[in-house]
Amino acid sequence: MLADLYDLICTIDRTVYITGSISTTVVILIAYLTYKLYMPSDLLADMSSKQWNPRQLDRYSEDELPLPQPFGWFAVFDSWTLKPNEAKPVSLFEHQLIVYRNMSGLVHVLEICENSNSIPDIETRVWQSMEMDNLIMVWYHPNNQKPDWLPFPMKLMVDNTFEYRGKCNLIANCCIQEFPENAADFAHFNTVHLPTEVLGIVKWKGMGAKLWDWITKHVYYKWTPLSYDVYPSPNGHMSIQITSATYHAFGRIFAEFTIDMLQIGPALAHVTTKYTLFGMDFTTILVTTVTPLGPYRNSFCHRLYMKPGFLRRVFAKIFIKTVDIMLSRDVLIWNDKKYLRKPLFTKNENSLVKFRRWYKQFLINDHDD
Ligand SMILES: [Fe+2]
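Owing to the predicted nature of the structure, the values given are computational and were not obtained by experimental measurement. Residue positions are given per chain, counted from 1 along the sequence in the order it is written. Residues qualify for local features only when their pLDDT is at least 70, as the model is predicted, and side-chain atom pairs are given and counted only at 80 or more; totals for whole chains, interfaces and linings, by contrast, use all residues.

(A) Main features of the overall build of the protein. To qualify as a helix, a DSSP run of H or I must reach at least 4 residues; to qualify as a strand, a run of E must reach at least 2; elements of each kind are numbered from the N terminus. When its secondary structure is counted, the protein shows 7 helices and 16 strands. A principal-axis box enclosing the C-alpha atoms of the protein has dimensions of 100 × 60 × 45 Å. Out of the 369 residues belonging to the protein, those deemed buried represent 26%. C-beta atoms are first placed from the backbone for all residues, and any pair lying within 7 Å is then listed as a contact. Partitioning the intrachain contacts of the protein with sequence separation of at least 6 by distance along the chain shows that 60% fall at a separation of at least 24. Using C-beta atoms placed from the backbone, we call a residue buried if 20 or more other C-beta atoms fall within 10 Å of its own, exposed if 12 or fewer do, and partly exposed for counts in between.

This is the structure we're talking about:
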């Protein structure tokens, strides 16, 4: 009798223990997933080592190097990464800079230059800087000319309560021009960006290739570039590309959206994607920047902003991953691409011709000018 009672207590004990452990695990898991959902997704991929070796530069003749480098406003940091009374070093176009935020919150950017003609032989140069779109921007000009235009903050971010939902930052070995040129290259949308993001970055190998093709036949994006225009003076430093797209799955259209990409100078763009799903507004804003990290090495960053809301936060997670996969497909091509100053354009590449003409305003001393 006593033994039976003892067994019963042991069984209850074990049941309580197991139930307690499962409940604790579930609570921890839910807390973790909630935390992950509420925190922005910051994705970073250094693609610069993929399909790249320094000998790729051998494809350029001596007079083709260095590749064109633009002047303009460049993002160096996210504003929130620099606290008052903090300084950070950064290099931009091989210049070594110190970015400093004083106690009042103002940012200053200094370059420490060696001057062999003076004693002491170190002097500092102040770089013009500004903060907008939660970014610290600096003006770069190889001949130290003053800026003749200023970037402006994203209007929807100023007017509405858009919140930061993460970023996708890809590092690539390519000419800095590749990124803004990508938007004007209409032809690549329905090849590189046609397969659904669910398939990943590169086509599967072996038997997987057939499966990839089968899925792509039934689930895919269809892109319709609508226009590419450059702005007249005094806003000649801006251009805009508008694209509409549909997401198809097994003969049905599941999503329809429009993308406006406003390029402001050579290294900043505001990309607005207008999505409406089940009557709910899922508009996204991407603040995209190109920052040179070294010769033939650039960081391409998309920072995502959306209005608050539980469903929008779930959507943001998927959206930023989609941007990451789609842009990674571009980067793998750029890593292995030779930049041509005077390529042969086909009849359907008017937007690329227009882009190249527009972009030339940011280049000085380019070989073919
Ligand atoms: Fe692309």
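(B) Main features of the domain arrangement of the protein. We note that the domain assignment places domain 1 (40-67 + 150-362) and domain 2 (72-140) within the protein. What fixes the domain bounds is an automatic or database domain assignment. Between domain 1 and domain 2, the C-alpha centre-to-centre distance is 28 Å. In this assembly, 15 residues from domain 1 lie in contact with 12 residues from domain 2. Here the element with the most residues in the side of domain 1 that touches domain 2 is strand β15 (residues 284-294); it accounts for 4 residues. Of the residues belonging to the side of domain 1 that touches domain 2, the class tally is 12 nonpolar, 3 polar and no charged. Gly falls in the polar group here, along with every residue not listed as nonpolar (Ala, Val, Leu, Ile, Met, Phe, Trp, Tyr, Cys, Pro) or charged (Asp, Glu, Lys, Arg).

(C) Structural context of the pairing of strand β2 (residues 72-78). Extensive coverage of β2 is indicated by the burial of 5 of its 7 residues. Between any two strands, pairing holds if DSSP finds at least two bridges. Where β2 and strand β8 (residues 135-140) come together, 6 bridges link them in antiparallel fashion. Bridge pairing links Asp-78 to Leu-135 in β8.

(D) Quick look at helix α6 (residues 310-334). For a helix, the expected span equals 1.5 Å multiplied by the residue count minus one. Compared with an ideal rise of 1.5 Å per residue, which puts 25 residues at 36 Å, α6 spans 36 Å between its outermost C-alpha atoms and is within 8% of the ideal. Taken together, the buried residues of α6 touch β1 (41-46), β9 (163-172), α3 (178-184), α4 (189-192), β15 and β16 (297-306).

(E) Looking closely at the sheet that holds strand β5 (residues 107-114). Taken together, 4 strands build an open sheet; the order of strands is β3-β4-β5-β6 and the sheet is antiparallel. Unpaired on one side and paired on the other, β3 (86-92) and β6 (122-127) mark the two borders of the sheet. Strand-to-strand twist across the sheet, computed as the mean angle between neighbouring axes with direction ignored, equals 30 degrees. Strand direction decides the pairing type here: β5 and β6, joined by 6 bridges, are antiparallel. Looking across to β6, one finds that Glu-111 is bridged to Arg-125. Each axis is a line fitted through C-alpha atoms, taken for helices only over the stretch in contact, and angles between the N-to-C directions span 0 to 180 degrees.

(F) Highlighting unusual backbone geometry. Look at the link from Ser-233 to Pro-234: it is a cis peptide, with omega at 10 degrees. By the element assignment, Pro-234 lies in the loop between β10 (219-230) and β11 (238-249). Although it is not a glycine, Asn-134 sits at a positive phi angle of roughly 60 degrees. Assignment of secondary structure puts Asn-134 in the loop between β7 (129-132) and β8. Classification of Asn-134 as partly exposed rests on a count of 18 C-beta atoms within 10 Å. Even without a glycine there, the phi angle at Phe-250 is positive, about 50 degrees.

(G) Quick look at the environment of Val-230. Residue placement: Val-230 occurs in strand β10. Assessed through the 18 C-beta atoms surrounding it within 10 Å, Val-230 is described here as partly exposed. Considering only alpha carbons, one finds Val-230 and Leu-277, 47 residues apart in sequence, at a separation of 31 Å. Contact partners of Val-230, with chain neighbours within four places excluded, come to Ser-239, Lys-354 and Trp-358.

(H) Summary view of helix α7 (residues 350-359). Among all positions of α7, only Ser-351, Phe-355, Trp-358 and Tyr-359 are buried. Buried residues of α7, viewed axially, fall in a sector of 90 degrees; they line one side. On its buried face, α7 sits against α3, β10 and β11. Summarising the geometry, the arc corresponds to the directions from the helix axis toward the C-beta atoms.

(I) Here's a closer look at the sheet that holds β8. Read across the sheet, 3 strands follow the order β2-β8-β7 without closing on themselves; strand pairing throughout is antiparallel. The two strands at the open ends of the sheet, each matched to only one other strand, are β2 and β7. Taking each pair of neighbouring strands and ignoring which way they run, the sheet shows an average axis angle of 35 degrees. With 4 bridges connecting them, β7 and β8 associate as antiparallel partners. The residue bridging Met-132 from the neighbouring strand is Leu-135, located in β8.

(J) Structural detail: the pairing of β15. Taking burial as the measure, the 11 residues of β15 include 8 buried ones, the bulk of the element. Across 6 bridges, strand β13 (residues 268-277) lies against β15 in antiparallel orientation. Within β15, the residue paired with Thr-273 across the bridge is Thr-284. Sheet analysis places β15 next to β16, joined by 9 bridges and oriented antiparallel. Bridging from a neighbouring strand, Leu-286 pairs with Leu-304 of β16.

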